[in-house]
Amino acid sequence: MKSLLLKITLSTLLVLFNSCSSSDDTDIITSEERLMESEILLLLNEHRVSIGLNKLIELDIIKSQTKEHTNYMIAKDEISHDNFNDRSNYLKAKINLIGIGENVAKGNNSANSVVNGWLNSQGHKENIEGDYTHFNITAKKNKSNTWYYTNIFIKK
């Protein structure tokens, strides 16, 4: 019930904030994308808590890197961890981090399906259940309405 109430509240807030956008198509975030991101972060934290781990805290600086990489994957029309060291080095230079991990995905049409896909993949599951303190995600559709996701976890 608490989760449903949070989703409804998030949905309402996302519709209110959707009018704020940039003139650059790569920077426009739709209410659908914001809702998808919020649901994924909620599901990741619900999973962590269900197995006795701490909730992760959203960190805005991570968002710049997830957004950039998601746009990169959309431009290439494939998922990858290309240039992960660049994202890692950027975050290391900006914040004092101890550890970092990344999950990417393509094509899942719901928060549940992307999170379940990651939980059914050993490496992705290790990141979700890893010794991290903060995270953020970008979920974005390409022009063909295919979803792309980049999720970065860090430990500060």
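Structural data are supplied above this passage.
Presented here is an overview of the structure given in this document. Because the structure is a prediction, the values reported are computed rather than measured. (Residues numbered from 1 in each chain as written. Predicted model: local features only at pLDDT ≥ 70, side-chain atom pairs only at ≥ 80, totals over all residues. Heavy atoms only, no water.)

Section: the overall build of the protein chain
Our working definition: Secondary structure counts use DSSP, requiring at least four H or I residues in a row for a helix and at least two E residues in a row for a strand, with both numbered from the N terminus. Here the term buried applies to any residue with accessible area under 20% of the maximum for its type, exposed to any over 50%, and partly exposed to those in between, with areas from a 1.4 Å probe on protein chains only. Contact between two residues is taken to exist if any of their heavy atoms lie within 4.5 Å; hydrogens are not considered.
In terms of helices and strands, the protein chain carries six helices and four strands. Along the protein chain, helices (α) and strands (β) appear in the sequence α-α-β-α-α-β-α-α-β-β when read from the amino end. Looking at the protein chain as a whole, 40% of its 156 residues are labelled buried. For the protein chain, the proportion of contacts with a sequence separation of at least 24, taken over those separated by at least 6, is 69%.

A short note on helix α3 (residues 60–76)
Under the convention used in this document: Under the convention used throughout, the expected extent of a helix is 1.5 Å for every residue step, that is, one less than its residue count.
An ideal rise of 1.5 Å per residue puts 24 Å on 17 residues; α3 measures up with 25 Å between its terminal C-alpha atoms. Among the residues of α3, I62, K63, Q65, T66, H69, T70, N71 and M73 are the ones counted as buried. Contact partners of the buried residues in α3: α2 (31–50), α4 (84–94), β2 (99–106), β3 (134–141) and β4 (147–155). At the C-terminal side of α3, D77 shows a positive phi close to 60°.

Overview of the side chain of N103
Defined as follows: Within 3.5 Å is the distance limit for a polar contact, defined as a pair of N or O atoms, with the added protein rule that one can donate a hydrogen and the other accept it, and that residues adjacent in sequence qualify only through two side-chain atoms.
Position of N103 relative to the elements: it lies in strand β2. The exposure class assigned to N103 is buried, which follows from its relative accessible area of 0%. One polar contact links the side chain of N103 to the main-chain carbonyl oxygen of H124, over a distance of 3.3 Å. Setting aside its immediate chain neighbours within four residues, N103 contacts H81, W118, H124, N127, I128, Y149, T150, N151 and F153.

Some thoughts on the pattern of salt bridges
Note the cut-off: Between Lys or Arg on one side and Asp or Glu on the other, a salt bridge is scored when a side-chain nitrogen of the former is within 4 Å of a carboxyl oxygen of the latter.
Within this structure, the stated rule accounts for seven salt bridges. A salt bridge links K106 to D77; its shortest N-O distance comes to 3.8 Å. A residue pair is termed long-range when its members are at least 10 positions apart, and K106 in strand β2 and D77 in the loop between α3 and α4 qualify at 29 residues. Between K155 and D131 there is a salt bridge whose closest N-O contact spans 2.6 Å.

Some details on the sheet that holds β4
Threshold: When DSSP locates at least two bridges between a pair of strands, those strands are taken to pair. Axis geometry follows a simple rule: fit a line to the C-alpha atoms, using only the stretch in contact for helices, then measure angles between N-to-C directions, giving values from 0 to 180 degrees.
Across the sheet, four strands lie side by side as β1-β3-β4-β2; this open sheet has mixed pairing. Each edge of the sheet is formed by a strand with only one pairing partner; in this case those strands are β1 (57–58) and β2. Relative to β4, β3 is paired through eight bridges, and the arrangement is antiparallel. For H134, the partnering residue across the bridge sits in β4 and is I154. Relative to β2, helix α5 (residues 111–119) is tilted by about 125°, and along the sheet it contacts β2, β3 and β4.

Any functional reading would require information beyond the geometric quantities listed.
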